[in-house]
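Residue-level listing of the chains:
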Amino acid sequence: MPDIEKLVSAFEDPSVVELMVNPDGSVYAEVVGKGIERLNAAPTPQDIAAFLNGVLGTSEVFGQDRPYADLSALDGSRVHVIAPPLARGLTVTIRKRPAKRPALAELVDLGTLSQPCADFLTYLVGQKLNILVVGGASSGKTTLLGALAAHAGKDERIVVLEDTPELTLPQKHTLYLRTRLRDASGRPDVSLRDLVVNTLRMRPDRIIVGETRGPEAADMLQAMNVGCDGMLTTLHANSAREAMTRIETLVLQAGIDMPLKAIRANIVAAVDFVVFLARLGDGSRKIMQVAELTGMEIETISMSDLFTLDVRK
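Residues numbered from 1 in each chain as written. Predicted model: local features only at pLDDT ≥ 70, side-chain atom pairs only at ≥ 80, totals over all residues. Heavy atoms only, no water.

Comments concerning unusual backbone geometry
Applicable threshold: Working definition: helices are DSSP H or I runs of at least four residues, strands are E runs of at least two. Numbering for both runs from the N terminus. The buried label goes to any residue with under 20% of its type's maximum accessible area, the exposed label to any with over 50%, and the partly exposed label to all in between, with areas taken from a 1.4 Å probe on protein chains only.
Following P84, the chain continues to P85 via a peptide bond in cis, the omega torsion being 5°. With respect to the secondary-structure elements, P85 resides in the loop between β5 (78-82) and β6 (91-95). You will see that S138, though not glycine, has its phi angle at about 60°, which is positive. For R203, which is not glycine, the phi torsion reads 55° and is therefore positive. Position of R203 relative to the elements: it lies in the loop between α6 (192-199) and β10 (206-209). What makes R203 exposed here is its relative accessible area of 55%.

Put into structure tokens, the structure is as follows:
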């Protein structure tokens with residue numbers, strides 16, 4: 001089988017959740033239940049370009065002025081491409097879009113969380129409390145975010161903001177907005193921060209941000225503090241406590257001249273609960289901690305653990 005056909009076959013394989021093509025021509029795939037495996041393929045740059053054209057449905061992947069891109073495949077999969085001189089060779093990472101993201105009940109069956117924890121999180125979403133889903137890369141944050149968002153009110157006007165479209169919600173009154181990178185024609189970037197500001201003028205009942213990773217954190221906190229309840233978002237962090245420090249850093253990136261104590265007070269007033277996920281050594285994804293923000297102790301955010309998982313048992 002030609003190498004390009006092997007790439008296409010791996011991309012179409014429903015058991016493959018992530019596909020990685022490295023500069024040396026090696027190809028790796030993350031397979032459900034098996035972890036990361038190397039494929040018997042060594043595609044040339046021409047093979048990879050042809051494969052991308054078929055996956056993306058376009059012959060223009062990125063330009064010389066910006067030798068990297070976050071793109072969406074025709075099936076909704078997330079495609080990241082980076083090329084020389086930023087990398088030693090053409091490097092492609094594809095996060096497959098699942099045909100159907102698991103519902104909260106299915107995550108319980110998979111062992112991601114317990115039924116009492118699922119019932120509690122469902123209650124929080126129904127009460128329109130602000131929830132931050134945190135974890136490392138590929139820990140299942142977006143999957144849990146989608147499962148929680150599915151429990152929002154059927155009549156709510158929901159606005160979903162993402163860099164790359166990944167979420168599809170069952171609620172009919174849902175609007176989907178995405179950012180835009182500057183392209184060859186010189187159109188300016190449209191950042192998540194721009195989208196958050198615009199969303200506040202769209203009369204949302206609930207705002208869902210696929211991932212908070214920049215200065216938009218400051219505008220999100222402001223939105224939460226002025227009555228935009230029920231916000232859901234994800235954040236890269238290795239614990240619920242570390243997530244607080246990361247939000248502080250992101251708010252400072254917005255150029256806001258505010259003492260840390262005031263920033264922390266804003267975080268406590270805005271965020272109600274933090275859910276921390278981790279990917280364990282066996283490849284399983286688990287909710288390790290559900291914590292409530294309870295206030296301030298002098299200059300430190302105080303948190304109370306409501307659910308924890310002891311992996312030593």
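Some remarks on helix α4 (residues 115-126)
Given 3.6 residues to a turn, an α-helix orients residues that are three or four positions apart in the same direction. Note the cut-off: Expected span of a helix, by definition, is 1.5 Å for each gap between consecutive residues, and there is one gap fewer than residues. Directions pointing from the helix axis toward each C-beta atom define the arc.
Between its first and last C-alpha, α4 extends 16 Å over 12 residues, near the 16 Å set by a 1.5 Å rise per residue. Where α4 is concerned, the buried positions are C117, A118, L121, L124 and V125. Buried residues in α4, looked at end-on, bunch into an arc of 120°, giving them a common side. Positive phi appears at K128, one or two residues downstream of α4, with a value of about 55°.

Focus on the sheet that holds strand β1 (residues 16-21)
Keep this limit in mind: Two strands pair if DSSP finds at least two bridges between them. For every element, the axis is a line fit to its C-alpha atoms; helices are fit only across the contacting stretch, and the angle between N-to-C directions ranges from 0 to 180 degrees.
With antiparallel pairing, six strands are arranged side by side in an open sheet as β3-β2-β1-β6-β5-β4. Edge positions in the open sheet fall to β3 (35-38) and β4 (68-72), since each of these has one partner strand only. Across the sheet, the axes of successive neighbouring strands diverge by a mean angle of 15°, strand direction being ignored. Sheet topology note: the β5/β6 ladder contains five bridges and is antiparallel.

A look at the packing of aromatic side chains
Rules: Pairing of aromatic side chains here covers Phe, Tyr and the six-membered ring of Trp, requires ring centres within 6.5 Å, and sorts the geometry by plane angle: under 30 degrees stacked, over 60 edge-to-face, intermediate tilted. In our convention, an over-ring charge means Lys NZ or Arg CZ found within 6 Å of a ring centre and within 35 degrees of that ring's normal.
What the rule picks out here adds up to three aromatic pairs. Ring geometry for F120 and F273: centres 5.7 Å apart, planes at 80°, overall edge-to-face. Here F120 is found in helix α4, whereas its partner F273 is found in strand β12 (residues 273-279), with 153 residues between them in sequence. Residue class for F120 comes out partly exposed when judged on its relative accessible area of 23%. For F273, a relative accessible area of 6% puts it in the buried group. By the ring-pair criterion, three or more aromatic residues cluster together here, those being F120, F273 and F307. In this arrangement the basic side chain of K96 is found over the ring face of F11, its NZ or CZ atom lying 5.6 Å from the centre.

A look at the nonpolar core
The criterion, for reference: Here the nonpolar core consists of buried residues drawn from Ala, Val, Leu, Ile, Met, Phe, Trp, Tyr and Cys, with membership extended through side-chain atoms lying within 4.5 Å. The contact criterion used is simple: two residues touch if any of their non-hydrogen atoms lie within 4.5 Å.
Within the largest apolar cluster, 38 residues are counted, with the highest numbers of intra-cluster contacts made by L132, M244, I267 and V271. The residues touching I267, leaving out its near neighbours within four places in the chain, are L221, M244, I247, E248, L293 and I301. Counting residues in each nonpolar core, the second largest holds 28 residues, with L113, I131, L167 and V275 among its members.

Focus on the packing of helix α8 (residues 240-253) against helix α9 (residues 260-270)
Worth spelling out the cut-off: If you view the pair so one helix is near and one far, a crossing is left-handed when the near helix is turned anticlockwise from the far one by less than a right angle, and right-handed when it is turned clockwise. Here the term charged refers only to Asp, Glu, Lys and Arg, the term nonpolar to Ala, Val, Leu, Ile, Met, Phe, Trp, Tyr, Cys and Pro, and the term polar to all other amino acids, Gly among them.
Running from amino to carboxyl end, α8 crosses α9 at an angle of 115°, the nearest separation of the two axes being 10 Å. You can see that α8 and α9 cross each other, and the crossing is right-handed. Here M244, I247, E248, V251 and L252 of α8 come into contact with α9, specifically with L260, I263, R264 and I267. Split by residue class, the contact of α8 with α9 holds seven nonpolar, no polar and two charged.

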